[in-house]
Amino acid sequence: MNDIAREPLTTQSGGHQNIPDSRGINFFHVDPDLGRLLRLYLGDARYRELEPQLKSLGQRASDELDAWALSADHNPPQLRHRTRRGEPVQSIDKHPDYVALERVAYAELGLASMSHVGNAPPPLVKYALTYLFVQAEFGLCCPVSMTDSLTRTLRKFGDPAVVARYLPMLASRDFDVLYQGAMFMTEQAAGSDVARIATRAALETAPDGTQTWRLYGDKWFCSNADADLAMVLARPDGAPSGINGLALFLLPKTLPDGSRNHYRIVRLKDKLGTRSMASGEIVLEGAAAYLIGEIGRGFHQMADMINMSRLSNGVRAAGLMRRATTEALHVARNREAFGRKLIDMPLMQRQLLKMLLPTEQARSMFMQIAQRLPLADAGDAQAAKCVRILTPLIKFRACRDARRVTGDAMEVRGGTGYIEEWSDARLVRDAHLGSIWEGTSNIVALDIARAVKREGALEPLRAYLIGMLDGVTLPPQSDALLRATLDRVCGAIATVAEDGSDELARQAGSALYHITTAIFMAVEGVRLAPDHRRLALAHLLLRHKLLPVDPLALPENDDALLFDALVKQREVSFALAMQALPTGDVQ
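Residues numbered from 1 in each chain as written. Predicted model: local features only at pLDDT ≥ 70, side-chain atom pairs only at ≥ 80, totals over all residues. Heavy atoms only, no water.

Draft legend 1. Region of interest: the pattern of salt bridges. Evaluation of the coordinates by the stated rule reveals 47 salt bridges. Note that Asp31 and Arg363 form a salt bridge whose closest N and O atoms lie 2.6 Å from each other. Taken together, the residues span a long stretch of sequence, with Asp31 in the segment before helix H1 (32-42) and Arg363 in helix H9 (residues 346-377) at a distance of 332 residues. Like Arg363, Asp31 is buried. It is possible to trace a salt-bridge network through shared partners that takes in Asp31, Asp33, Arg36, Arg322, Glu360, Arg363, Glu524, Arg533 and Arg534. (Salt bridge = Lys/Arg side-chain N within 4 Å of Asp/Glu carboxyl O. Helix = DSSP H or I, 4+ residues; strand = E, 2+ residues; numbered from the N terminus. Buried < 20%, exposed > 50% of the residue type's maximum accessible area, 1.4 Å probe, protein only.)

Next up, the structure:
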């Protein structure tokens, strides 16, 4: 067991005061914008119900959950193939601190089951709790997300008898009863090229006439390898090659008679990050499985699960960035150098603001998607199109931003941040998964273009954004610049998608993410007035991410007062917010 995680949760004292330690602060209280935004999106009544849980989780995430997470990261799971008598067991031994985290996520908070019970709260409640939880532990949030997404996909496409058999365990918060989920899709020859999946599905008939699907093949990267249930893509015998020959199957770990299903965990992966959670290689040796939906529609059905996992990935990236930013702000407020607090140094303020801006972008984005999701599920066509394109947008951009933000936070702490006793190194390692899991940046950027060209998602998103601008009274200069930039960005990404200019997909996708989040934050700023922090952030997005910049030109305005207010989380006046607005015309 790692002793570092068991140190007393005390603040620094004596000669160690210049090594600030955030252990014990409340991650909810030190992030005032979180409560304000949740009240804005959820409404007063729902927010008041949720607030005590947010306060409690914010404290626990900094205290015991963070200690458990550090311990679990330093003590990764171990695969046991046999007992000491040679009996095959195929069990994964998890560190007790990881199991403690599982109890909190699955049983106490119900993060995987919350959306699948009667009178389920809005999705934003689940994502807000996940956002705080992931600031302590990232690795476990992968199984939690997959369990949630698997349950959703099973309910949408599964045979009613199969749903009835497994939904009670998937929706349970009894830790001794509940089931965890996973998806086994990746193969060595078929990474992002799903059409090359070679796992076989054979329909076998028993002497009594009972038919059972049997799966044969190798799955190369299976996170939460010992999950109770997994969604698996396979190709039924006789099905055509390519994506149209794939089918989706539900693979139980345990058969109805209590015996182990016919597949083996070959080994566990030695990973850069998410070391607390078991990812492995699996060989299917005639494993019994249930067909989900129609043969030939397997990838399209699993795409629903992938999209929900991508959204969760974006939420986790936002949470990682917030934890990193919180750490950097805490160090900057409490560490002195050259006779001054770091947070009072102009160059440090600029570095902190470069971390704060993408952190706030991702937060506004996931909250907006969470608001659209119930409408999309209820049949609202515009909301469905918005969710379709916003989900890969946050997966693509926020996950890449998290890699840089966590790295910059490590730099703020300095050499101490490079030491594994602190959270910084773990955040950096974990952040790199986001750009790979559920599609690399290139794959997801191309999916954004696909949503524009093949699924017509751009115009519904544009209409939604214009409707948001129409619904508030922004300063005329801000409103005009946002609308003009939106038109220009939409024109650019439409051209890229229509022409098949794949080499420009990332550039166009980034531009769409930036203008979308700029509008979200500008509208939030109006609704949260008289504090104009988010309007100022929207203006900075326009200036630094969307409009032409001469790298050698000196700034026209002195931003010192604005930057000081933003990094110190003070209220921003309207005048200061307008000072950040770029000058000149959109080209």
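Back to the write-up after that little detour.
Draft legend 2. Representation of the side chain of Lys219 in the model. Here Lys219 shows up in strand S5 (residues 211-223). At 3.3 Å, the side chain of Lys219 forms a polar contact with the backbone oxygen of Met185. Once residues within four sequence positions are removed from consideration, Lys219 is found in contact with Phe184, Met185, Thr186, Glu187, Ile197, Thr199, Val232, Leu233, Gly280, Glu281, Ile282 and Leu284. (Polar contact = N/O pair within 3.5 Å; in protein donor to acceptor, adjacent residues only side chain to side chain. Contact = heavy atoms within 4.5 Å.)

Draft legend 3. Focus on the pairing of strand S4 (residues 200-205). Where S4 meets S5, 6 bridges bridge the pair, whose relative direction is antiparallel. By the bridge assignment, Leu203 is partnered in S5 with Trp213. Here S4 folds back onto S5 in antiparallel fashion, the turn holding 5 residues, of which Gly209 has a positive phi close to 95 degrees. As paired strands, S4 and strand S6 (residues 229-236) are joined by 2 bridges and run parallel to one another. Bridge pairing in S6 links Ala201 to Pro236. (Pairing = 2+ DSSP bridges.)

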